[in-house]
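Observations on chain architecture
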Amino acid sequence: AGVSTHQFYSIGVQRLGDVLAGFVMVYDSTSGTIRMDLYKSRDGLTWTLAQANWIPIGAAGEWDDAMVVNGHGIIDIDGVWWLYYTGSPEGHSEPATDYRIGRVRVSASSLVNLG
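Nothing here was measured: the structure is a model prediction, and the numbers come from that model.

It is worth spelling out the environment of Ile75 at this point. Within the secondary structure layout, Ile75 lies in strand β6 (residues 74-77). When its relative accessible area of 41% is taken as the criterion, Ile75 is described as partly exposed. For the pair Ile75 and Val106, spaced 31 residues apart in sequence, the C-alpha separation works out to 9.3 Å.

Mapped onto the fold, Tyr9 is located in strand β1 (residues 6-16). Taking the C-alpha atoms as reference points, Tyr9 and Met25, 16 residues apart in sequence, are found 5.4 Å from one another. If we ignore the near neighbours within four places in the chain, the residues touching Tyr9 are Met25, Tyr27, Ile34 and His92.

In globular proteins that are soluble, nonpolar side chains generally tend to be buried together. With 15 residues, the main nonpolar core has Phe23, Met36, Trp54, Ile55, Leu83 and Tyr85 as its most contacted residues. At the level of secondary structure, the elements contributing two or more residues to this core comprise β2 (19-28), β3 (33-41), β4 (48-55), β7 (80-88) and β8 (100-106). No other element matches β4, which puts three residues into this core. Setting aside anything within four residues of it in sequence, one finds Leu83 in contact with Phe23, Met36, Trp54, Ile55, Gly73, Ile74, Gly102, Arg103, Val104 and Val106. Met25, Tyr27, Ile34 and Met67 belong to the second largest nonpolar core, which has five residues in total.

Its place among the elements puts Thr33 in strand β3. Overall, Thr33 belongs to the buried group, its relative accessible area being 18%. For Thr33, the side chain forms a polar contact with the side chain of Ser31, separated by 2.7 Å. With residues up to four places along the chain from it excluded, the contact list for Thr33 reads Val26, Tyr27, Asp28, Ile57 and Ala66.

Rules behind the numbers
Residues numbered from 1 in each chain as written. Predicted model: local features only at pLDDT ≥ 70, side-chain atom pairs only at ≥ 80, totals over all residues. Heavy atoms only, no water. Helix = DSSP H or I, 4+ residues; strand = E, 2+ residues; numbered from the N terminus. Buried < 20%, exposed > 50% of the residue type's maximum accessible area, 1.4 Å probe, protein only. Contact = heavy atoms within 4.5 Å. Core = buried A, V, L, I, M, F, W, Y, C linked by side-chain atoms within 4.5 Å. Polar contact = N/O pair within 3.5 Å; in protein donor to acceptor, adjacent residues only side chain to side chain.

This is the structure in structure tokens:
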């Protein structure tokens with residue numbers, strides 16, 4: 001068996017209605033990038049991929065074009081859902097010089113696969 005090029009680094013879990021959302025940080029050793037995938041579970045034991053690269057790398061003004069490091073849950077600010085994360089233009093094996101905090105607006109349509 002070969003070594004996986006996609007390694008799971010961490011997960012943040014949040015209940016959204018009757019579904020658990022898992023925000024999973026995935027390292028791709030081939031490209032040297034880290035992305036966030038969205039998983040779902042009904043029982044907290046069996047997880048299925050809802051959307052790969054849920055926060056697209058480069059989504060926040062292109063400064064996070066190599067790494068998106070997961071936030072640990074959606075927060076409601078004045079009726080708008082947000083997910084905060086950190087990002088970097090440098091790959092995982094490079095020294096980070098420009099880490100920033102980013103946020104993405106989360107809409108019901110982006111979670112459509114969780115239902």
